[in-house]
Amino acid sequence: MVLALLVSGAVVVLVLLGLFVFGLRRRLIQRSGGTFDCSLRWDVPEEEREPSGKGWIYGVARYNGDRVEWFRVFSYAPRPRRILERSAIEVVERRTPQGEEELALLSDSVVLVCRHSGTRLELAMSEDALTGFLAWLEAAPPGQRVNVA
């Protein structure tokens, strides 16, 4: 009986510690400001006719100079999972979530289809975050190529 209580207590403490570390990590990512919720789908096939809800990963993006650093929400990694260089981003199209995507993404998300150094990717964010992202893209220093559709 005592052993069962100790094991149960240890499990509860580990779960609470894990949740605390998730919250602390997110707080550290957001500390410098310039962050927004952003789901990502990487290396999307060109021939995909009807978007599916598969492959979307919920994350937080952070502006850092001429790049956007993207962090997975459900991860303990202190470093960004993807780094998008402003000069390498080409916006292909903007669309609303379709079909199963509506269930996989946050409500009121807008999907931005892009290319980054030849890789096709999709970013889903709120309308306000999209406005900021497009303004950031267009605010590239003189001489940098920016492709916004």
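Being a predicted model, the structure only gives us computed values, none of them experimental.

Chemist: Explain the sheet that holds strand β2 (residues 39-42) to me, and be specific about the residues and the numbers.
Modeler: One open sheet accounts for four strands, arranged β2-β8-β7-β6; its pairing is antiparallel. The sheet terminates laterally at β2 and β6 (89-95), the two strands that pair on one side only. Pairwise comparison of adjacent strand axes, ignoring direction, gives a mean angle of 25° for this sheet. Judged from the six bridges that link them, β6 and strand β7 (residues 109-116) form a sheet pairing that is antiparallel.

Chemist: Summarise the packing of aromatic side chains; cite the residues concerned and give the values.
Modeler: Applying the stated criterion across every chain, the model contains four aromatic pairs. With a centroid separation of 5.2 Å and 35° between ring planes, the pair formed by F36 and Y63 is classed as tilted. Of the two residues, F36 sits in strand β1 (residues 35-37) while Y63 sits in strand β3 (residues 59-64), which places them 27 residues apart along the sequence. Looking at F36, the relative accessible area reads 10%, which means it is buried. Its relative accessible area of 23% is what places Y63 among the partly exposed residues. Ring geometry for Y63 and W136: centres 5.4 Å apart, planes at 45°, overall tilted. One end of the pair, Y63, is in strand β3; the other, W136, is in helix α3 (residues 127-138), and 73 residues separate them in sequence. Taken together through their ring pairs, the aromatic side chains of F36, Y63, F133 and W136 make up a single cluster. Against the face of W42 rests R82, its NZ or CZ located 4.1 Å from the ring centre.

Chemist: Could you give me a rundown of the state of the cysteines, with the residues and numbers involved?
Modeler: Under the defined criterion, the tally for this structure stands at zero disulfides. Left without a disulfide partner, C38 is nearest to the cysteine sulfur of C114, which lies 9.1 Å away.

Chemist: Residue-level account of the environment of L19, with values.
Modeler: In this structure, L19 sits in helix α1 (residues 2-30). Looking at L19, the relative accessible area reads 54%, which means it is exposed. For the pair L19 and G53, spaced 34 residues apart in sequence, the C-alpha separation works out to 26 Å.

Chemist: Let's hear about the UniProt feature "transmembrane region" (unreviewed entry) in the protein: which residues, and what values?
Modeler: Annotation from UniProt places "transmembrane region" (unreviewed entry) at residues 6-24. The span residues 6-24 carries 100% helix and 0% strand; its end-to-end C-alpha distance comes to 26 Å.

Chemist: Outline the nonpolar core, listing residues and values.
Modeler: In this structure, L123, M125 and F133 are the most contacted members of the largest nonpolar core, which totals 21 residues. Sorting the residues of this core by element identifies β4 (67-72), β6, β7, β8 (119-126) and α3 as the ones contributing at least two each. Considering every element that reaches this core, the biggest residue donor is α3, with six residues. Apart from residues lying up to four places away in sequence, L123 is in contact with C38, S39, L40, W56, L84, V110, V111, L112, C114 and F133. Counting residues in hydrophobic clusters, the runner-up holds five residues, among them L105, V111, V113 and A124.

Conventions used here
- Residues numbered from 1 in each chain as written.
- Predicted model: local features only at pLDDT ≥ 70, side-chain atom pairs only at ≥ 80, totals over all residues.
- Heavy atoms only, no water.
- Pairing = 2+ DSSP bridges.
- Helix = DSSP H or I, 4+ residues; strand = E, 2+ residues; numbered from the N terminus.
- Axes fitted to C-alpha atoms, helices over the stretch in contact; angles between N-to-C directions.
- Phe/Tyr/Trp six-rings, centres within 6.5 Å; stacked < 30°, edge-to-face > 60°.
- Buried < 20%, exposed > 50% of the residue type's maximum accessible area, 1.4 Å probe, protein only.
- Lys NZ or Arg CZ within 6 Å of the ring centre and 35° of its normal.
- Disulfide = S-S within 2.5 Å.
- UniProt positions renumbered as here; feature names shortened; annotations may be inferred.
- Core = buried A, V, L, I, M, F, W, Y, C linked by side-chain atoms within 4.5 Å.
- Contact = heavy atoms within 4.5 Å.

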